[in-house]
Amino acid sequence: MSESFDMLLNRDKNLTELSEMGGKLSSETSKMKSDAKKLRLSYMFRQYMTYIVVAAILVFLLLIKFYVL
């Protein structure tokens, strides 16, 4: 009888621990998603940086041509 009571107390403890671990997992999952989005944007930025710089230089030169000359 005392064994089953001890098992019941351990079950409550285990369920509490599992609940806490689930909460931590949920918060870490949301952090992981935001980190993945930042990494994806960083990768896209690096991939297209050359095109962005060339386009910015061309726009700058066109603005100089139309407004200065």
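Along each chain, residues carry numbers from 1 onward, in the same order as the chain's sequence is written. Restriction of local features to residues with pLDDT of at least 70 applies here, the model being predicted, together with a cutoff of 80 or more for giving and counting side-chain atom pairs; totals for whole chains, interfaces and linings are based on all residues. Hydrogens and waters are ignored; side-chain quantities use all the structure's heavy atoms.

1. Here's the deal with the overall build of the chain
Helix and strand content of the chain: 1 helix and 0 strands. Here the globule rule is a power law, 2.2 Å times the number of residues to the power 0.38, and the radius of gyration is based on C-alpha atoms. Compactness check: the chain gives a C-alpha radius of gyration of 29 Å against a globular reference of 11 Å for 69 residues, more than 25% above the reference. By principal-axis analysis of the C-alpha atoms, the chain measures approximately 95 × 20 × 5 Å. Residue exposure (1.4 Å probe, protein chains only): buried if accessible area is under 20% of the type maximum, exposed if over 50%, otherwise partly exposed. Here the chain, with 69 residues, has 0% of them falling under the buried criterion. Per element, the accessible surface of the chain, about 7000 Å² overall, is 68% carbon and sulfur. Neither His nor the chain ends contribute to the count of charged residues, in which Lys and Arg are positive and Asp and Glu negative. Taken as the charge location is NZ of Lys, CZ of Arg, CG of Asp or CD of Glu. Between the centroid of the 10 positive side chains of the chain and the centroid of its 7 negative side chains there is a distance of 24 Å. Only DSSP runs of H or I with at least four residues qualify as helices, and only runs of E with at least two residues qualify as strands; both kinds are numbered from the N terminus onward. Each accessible area is a Shrake-Rupley result for a 1.4 Å probe, and residues are judged covered by the shown protein chains and nothing else.

2. Some points on the packing of aromatic side chains
Here a Phe, Tyr or Trp ring, Trp counted by its six-membered ring, pairs with any other such ring whose centre lies within 6.5 Å, and the pair is stacked when the planes are under 30 degrees apart, edge-to-face when over 60, and tilted otherwise. Taken as a whole and judged by the stated rule, the model has 1 aromatic pair. Centroid distance Tyr 48 to Tyr 51: 6.4 Å. Interplanar angle 45°. Geometry classified as tilted. Linking Tyr 48 with Tyr 51, this pair stays in helix H1 (residues 2–68), spanning 3 residues, or about one helical turn.

Treat this as a map of the structure, not an account of what it does.
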